[in-house]
Structure formats: C-alpha cells, structure tokens
Amino acid sequence: MAILITGGAGYIGSHTMVELLEAGRELVVVDNFVNSKAESLKRVKQITGKDFKFYEVDLLDYDALNKVFEENDIDSCIHFAGLKAVGESCSKPLLYYHNNITGTLNLCDIMQKHGAKRIVFSSSATVYGNPASVPITEDFPLSTTNPYGETKLTIERILKDLHAADNEWSVSILRYFNPIGAHKSGLIGEDPQGIPNNLLPYITQVASGRRECLSVFGNDYKTHDGTGVRDYIHVVDLAKAHLKAIERAETVTGVEHFNIGTGVGYSVLDIVKAYEKATGITINYKITARRPGDIDECYANPTKALNVLSWKAENNIEDMCRDSYNWQIKNPNGYEA
Ligand code: NAD
Ligand code: WQD
C-alpha cells in the first residue's frame, strides 16, 4: 500500500519524502508545481536512490486526482499541498480559499470513496492567532488574523467533522512552528520565488551576497531584545515527525493535534547572531518598522508530540543556520540551473 504525498515537490514535502523513502515506504506523489520545481523530486531520488510514482495534478482537478487513486493502492495521505504566503492571502483571499479548501474537499471526498481514511495534515502555529501566553499547548484557543490562517483553521474543522461522521478516519493534525534549514546533503532546501517573505531565506540571501541588508521588522516588541521571538525548527526534524504521525495513524483512529516545534524561542537578533556564528559571515541589518500582523512571541510546548509520537527535535539553531547556508551556496539560484 502506498502513501499519497500532496505537494511533495515543495519545501517540507520533499524533505518528508526523503525520510519516508529511507524508511522503506512506497509513495505516490502529486503536485502542480505552482510553487515548486520538478528538480526537487529528482534530487529526492538522488539522495535516497529510491523511486516513486509522480503525477502532475492539481487538487482542484477532481477527475485527475480520482484517477491517481484508481491507478494506485493508496491507503493514507500526507497533505502538504496548499498556498502559504500570508501577505498574498490578504490580497487574493478567493485564490487561497479555493485552492486550499476546495483542494482539500476534493482530496477527502476521493479518499473516502476509495476507503483511504488516514490523513496527516500540514497545519500551522498560525491557528493560535496572537496567543495570550507562551509556550503554547494544543488546547490553546484558536483564531486567525489572515485568510491563509483561516484556510488552515477551516481545514482542521473539516477534518474533525469528517471523523465525527465516520469514525474509521484517522486524522493527525501537525501544527508546524517556523520550519527552516535544509537537508544536510545541500541537494534540497527552501526555494522561495522572488523576494523572500520569511526571515531565514532572507538572511541566507544576505549572507550569500544576493541581497544587501536584512530589515529587522521592529525592535519594540515585548521580548528580551525587542525583536520578534519564534520557534524555529529544522525541516529534517519536522519531516521525521510525519513518519511518526503516519505510524501512529496506522494504529489508532480519531483526531489528534500536535505542536511540532522545539519549545525554544529565538528573537530575530538571536537568529542573526546564530547565523553569523554558524557561518562566519557578518549579516548586515537595519531596524525598520513593524510588519503588520506580526506578534511578539510564538513558541511551542512540544510535550504531546514527545509523549504520544515519541518525537522531538534534534537539531539546534546553529545546525539550522549552517544547513540553510550550505543549501544556498550549493544552489545560489535555488533549483534553477
Ligand atoms: P511549498 O509551497 O514549498 O509546498 C507546497 C506544495 O504544494 C508546492 O509544491 C505547490 O506546488 C503544491 N501545491 C499548492 N497548491 C496545489 C494544488 N492545488 N494542487 C497540487 N499541488 C499544489 O510549501 P511548504 O513550506 O513545503 O509547506 C507545505 C505545507 O505546510 C503547506 O500546506 C503550508 O501551508 C504548511 N506550512 C508551512 C509552513 C512554512 O513556514 N513553510 C509553516 C506552517 C505550515
Ligand atoms: C519571523 C520573524 C518577523 C522577515 C510565517 C507565517 C506562519 C508560518 C511560518 C505558514 C518575525 C521577522 C521576518 C524579515 C524580519 N507559515 N522578520 N525581517 O511570520 O513567524 O511566520 O511563516 O504557516 O503562518 O506567518 O515567520 O519568518 O516571516 O518571521 O525581521 O525580512 O522574523 O517580524 O518576528 P512568521 P517569518
């Protein structure tokens, strides 16, 4: 039986594929390359020496997705496919709602039809909105501040309702904190299109000379140095959590939520320092205005993932910075030749 990976060509999907293939799992992968390149899948094969079936399919194309299930014995799915840029979701809300929610509705309907009732879903710490305190546990109140976050929260609710209607479903909701870093081989990593929105890809491009200076968005937050604090997690640790989640979903039915973070918060300036230490390169930065919508602090209590999934993050912040840089210098233009 195979695991369907939606969005497998993307940043987190490609790293997860490596872990699953190395664990001997059979994979079927779909992606429409809206935010990725086919080259990442070639690199996954290069790292693992393993093969998998791939379909260039949009989750919005019901018939094409259904055919993937007709042609393969799929019993479970790790569902990464979705649009993820917070700012773009505010300017194009309908695109985000349609792609992320309709795509998931199609997927779940087809899974149900084919008796594949096991799903691991890529949710996000964004569903905690602006938390009243940190660290965050899974039972914190949920809210969102942008259409992207709204799609994650809505999909979480859809999956809960699906299980309530048919308790054969096994639903594992992974709420990722801030994934960064890259595979140690330097063959796969994050490949943002245009100017990076997120901190680490931006710093990495400053380090490599592709951008001049990092703008630190505000230094008057209620944190130890005034800059925003987040829970950065190595993408390979995150990828490993998916293997644990699938193994768990194979043994239990129900709906479970897990924070996937390290439990440690770092400020923007802590990250600049860690990056400099890991690489020996000075990062030029300037303090600028706050970015609308940003919060002071966000970090996980990941104890539930440890207790239930036997998972915990193993890489430290310097590993994350070093591996980001290694990917960048080996691939100065990402997956572009
Ligand atoms: P990514 O953009 O690199 O990967 C997503 C993949 O899905 C891409 O390859 C894209 O082409 C594909 N895709 C999008 N819409 C599709 C559709 N309709 N049909 C088929 N393929 C489609 O993003 P990522 O960072 O790997 O994130 C993976 C998942 O994790 C996303 O759902 C994202 O929202 C979630 N997430 C990401 C982060 C993060 O910071 N990277 C944090 C929390 C949650
Ligand atoms: C981190 C910190 C910024 C860029 C986002 C999404 C979230 C999730 C993960 C998907 C903040 C500061 C950033 C820069 C800066 N994605 N910063 N200069 O905002 O915590 O989370 O990605 O689910 O939903 O919102 O991550 O990397 O953008 O920012 O000073 O050029 O770095 O203000 O404090 P964020 P980020």
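Reading the values: rules and limits
For every chain, the first residue of the written sequence is number 1, and numbering continues from 1 along that sequence. Following the order in which they are written, the chains are lettered starting with A and the ligands numbered starting with 1. The predicted origin of the model limits local features to residues at a pLDDT of at least 70 and limits the giving and counting of side-chain atom pairs to 80 or more, whereas totals for whole chains, interfaces and linings rest on all residues. To obtain the side-chain values, all non-hydrogen atoms of the structure were used and water was disregarded. Helical segments are the DSSP runs of H or I of at least four residues, strand segments are the runs of E of at least two, and each set is numbered from the N terminus. Two strands make a pair as long as DSSP finds a minimum of two bridges between them. We call a set of buried residues a nonpolar core when its members are Ala, Val, Leu, Ile, Met, Phe, Trp, Tyr or Cys and they connect through side-chain atoms within 4.5 Å of each other. Per-residue accessibility, obtained with a 1.4 Å probe over protein chains only, is compared with the maximum for each type, and a residue is labelled buried under 20%, exposed over 50%, and partly exposed between these values. Should any heavy atoms of two residues lie within 4.5 Å, those residues are counted as being in contact. Any residue with a heavy atom positioned within 4 Å of a molecule or strand is treated as near that molecule or strand. Two N or O atoms form a polar contact when they lie within 3.5 Å of each other; inside protein one atom must be a possible hydrogen donor and the other a possible acceptor, and for residues adjacent in sequence the pair counts only when both atoms belong to side chains. With residues, only the protein chains shown are counted as cover, and all accessible areas are computed by Shrake-Rupley using a 1.4 Å probe. Amino acids are sorted into nonpolar (Ala, Val, Leu, Ile, Met, Phe, Trp, Tyr, Cys and Pro), charged (Asp, Glu, Lys and Arg) and polar (every other residue, Gly among them). In this description, a line fitted to the C-alpha atoms serves as the axis of each element, helices being fitted only across the stretch in contact, and the angle between N-to-C directions of two axes falls anywhere from 0 to 180 degrees. Seen with the strands pointing away from the viewer, any crossover whose path from the first strand over the helix to the second strand runs clockwise is right-handed.

(A) Layout of unusual backbone geometry. A cis amide bond, omega -5°, links V134 with the succeeding residue P135. Within the secondary structure layout, P135 lies in the loop between β5 (118–124) and α6 (147–165). The phi angle at F33 is positive, at roughly 60°, despite the residue not being glycine. Among the secondary structure elements, F33 is positioned in the loop between β2 (27–31) and α2 (39–48).

(B) Spotlight on the sheet that holds strand β14 (residues 297–298). Ordered in space as β12-β9-β14, the 3 strands form an open sheet in which the pairing is mixed. Unpaired on one side and paired on the other, β12 (266–267) and β14 mark the two borders of the sheet.

(C) Main features of the nonpolar core. Among the nonpolar cores identified, the biggest contains 39 residues, and I5, M17, L27, F52, I78, I260 and W311 are the most heavily contacted of them. Dropping the residues within four chain positions of it, L27 is found in contact with I3, I5, M17, L20, L21, F52 and K53. A2, I74, M111 and L162 belong to the second largest nonpolar core, which has 26 residues in total.

(D) Local environment of the site of ligand 1. Near ligand 1 lie 26 residues; those nearest to it are D31, N35, S36, K84 and Y148. A distance of 2.6 Å is found between an oxygen atom of ligand 1 and a side-chain nitrogen or oxygen belonging to D31. Coverage of ligand 1 by the protein chains reaches 95% of its 820 Å² of free accessible surface. Breaking the shell around ligand 1 down by element, the ones donating at least two residues are α1 (11–22), β5 and α6. Take the shell around ligand 1: its biggest share by element is 3 residues, from β5. Of the residues contributing to the shell around ligand 1, the split by class is 12 nonpolar, 10 polar and 4 charged.

(E) Geometry of the sheet that holds strand β11 (residues 254–260). With parallel pairing, 7 strands are arranged side by side in an open sheet as β3-β2-β1-β4-β5-β6-β11. The open sheet terminates on both sides in strands that have one partner only, identified here as β3 (53–56) and β11. Going from strand to strand, the sheet's axes swing by 15° on average, the running direction of each strand aside. Direction of pairing for strand β1 (residues 2–6) relative to strand β4 (residues 74–79): parallel, over a ladder of 5 bridges. Looking at β4, one finds that L4 is bridged to C77. With respect to the sheet, α1 is in contact with β1, β2, β4 and β6 (170–176), its orientation differing from that of β2 by roughly 170°.

(F) Looking closely at the environment of A182. With respect to the helices, strands and loops of the structure, A182 is situated in the loop between β7 (178–180) and α7 (199–207). According to the relative accessible area criterion, A182 is buried, its value standing at 0%. Not counting residues within four places of it along the chain, the set of residues in contact with A182 comprises H15, I188, G189, H234, V235, V236, D323, S324 and W327.

(G) Representation of the pairing of β4 within the structure. Within β4, 5 of the 6 residues are buried, which leaves the element mostly enclosed by the surrounding structure. As paired elements, β4 and β5 share 3 bridges and run parallel to each other. Note that in β5 the partner of I78 across the bridge is V120.

(H) Inspection of the pairing of β1 at higher detail. The buried fraction of β1 is high, at 5 of 5 residues. With burial as the criterion, each face of β1 is covered, one bearing A2, L4 and T6 and the other bearing I3 and I5. Bridge count between β1 and β2: 4 bridges; the pairing is parallel. By the bridge assignment, I3 is partnered in β2 with L27. Assessed by its sense of winding, the connection that carries the chain from β1 through α1 to β2 is right-handed.

Nothing here speaks to function; it is all geometry.
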